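Chain by chain, the residues run as shown.
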Amino acid sequence: MPVKVLVVDDEESIRDALREFLTGEGGYDVILAEDGFKALEAFKAQAPDLVFMDVKMPGMDGIEVFRRMRLLRPGVKVVLITGLPDEDTFDRALIVSEDVVEGFIPKPFKPADLRKCLESVAAGDRHTAFQLTPTQLDALGRLATAATGATSARDRCTSWASPSRHAAPSTAPQAAA
């Protein structure tokens, strides 16, 4: 059964590019929405597994749509797409829920960025294509720890900003603690 992906962006070219990429990767059933209101309608009717959503849109911005989606279905996976990969955008996303988004991708994006993001989200990890500040990492770690109760959550979230995040896993045996 294909994975349902809802793509929400007010720019038709971005929606089309994401649709082409996802259908080209195979295994994805792509649903498109041009604004936050239509996104919520599609979200309720289609129950997507993953949402790629623009942050800045007329009417209802992506942060508000994200907040409402999490109220409807707390476990939905959301990747925010933004032309403004700044601290304010990230901080607003952290505030909307005790859960955190699965990823941030800045515009313009490359197919390799999308592929890495899909691989990370499929593996249960989080992905960002821009550097987080120490304050943001601390906030993200506190939220992840509160949401999961795991003491290692901050370490997992800190790995978002690690340049070696997508390196091949080590095959060396782990030393006993």
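In this text the structure is predicted, and so the values were computed from the model without any measurement.

On to the packing of helix H2 (residues 36-46) against helix H3 (residues 62-72). Where H2 contacts H3, the two axes come as close as 10 Å, and the packing angle between them is 20°. In this view, H2 runs roughly parallel relative to H3, as classed from their interaxial angle. As H2 packs across H3, the resulting crossing turns out to be right-handed. For the pair H2 and H3, contact is made by Gly36, Ala39, Leu40, Phe43 and Lys44 and by Val65, Arg68, Met69 and Leu72, respectively. Here the contact of H2 with H3 is composed, by residue class, of six nonpolar, one polar and two charged.

In this section: the packing of helix H1 (residues 12-25) against helix H5 (residues 111-122). Where H1 contacts H5, the axes come no closer than 11 Å and their chain directions differ by 55°. Relative to H5, the element H1 is oriented oblique. The hand of the H1/H5 crossing is right-handed. Residues Leu18, Phe21, Leu22 and Glu25 of H1 pack against Pro111, Leu114, Arg115 and Leu118 of H5. Among the residues making up the contact of H1 with H5, the classes are represented as six nonpolar, no polar and two charged.

The rules behind these values
Residues numbered from 1 in each chain as written. Predicted model: local features only at pLDDT ≥ 70, side-chain atom pairs only at ≥ 80, totals over all residues. Heavy atoms only, no water. Axes fitted to C-alpha atoms, helices over the stretch in contact; angles between N-to-C directions. Helix = DSSP H or I, 4+ residues; strand = E, 2+ residues; numbered from the N terminus. Parallel < 35°, antiparallel > 145°, perpendicular 65-115°, else oblique. Left-handed = near helix turned anticlockwise from the far one by under 90°. Contact = heavy atoms within 4.5 Å. Nonpolar A, V, L, I, M, F, W, Y, C, P; charged D, E, K, R; others polar.

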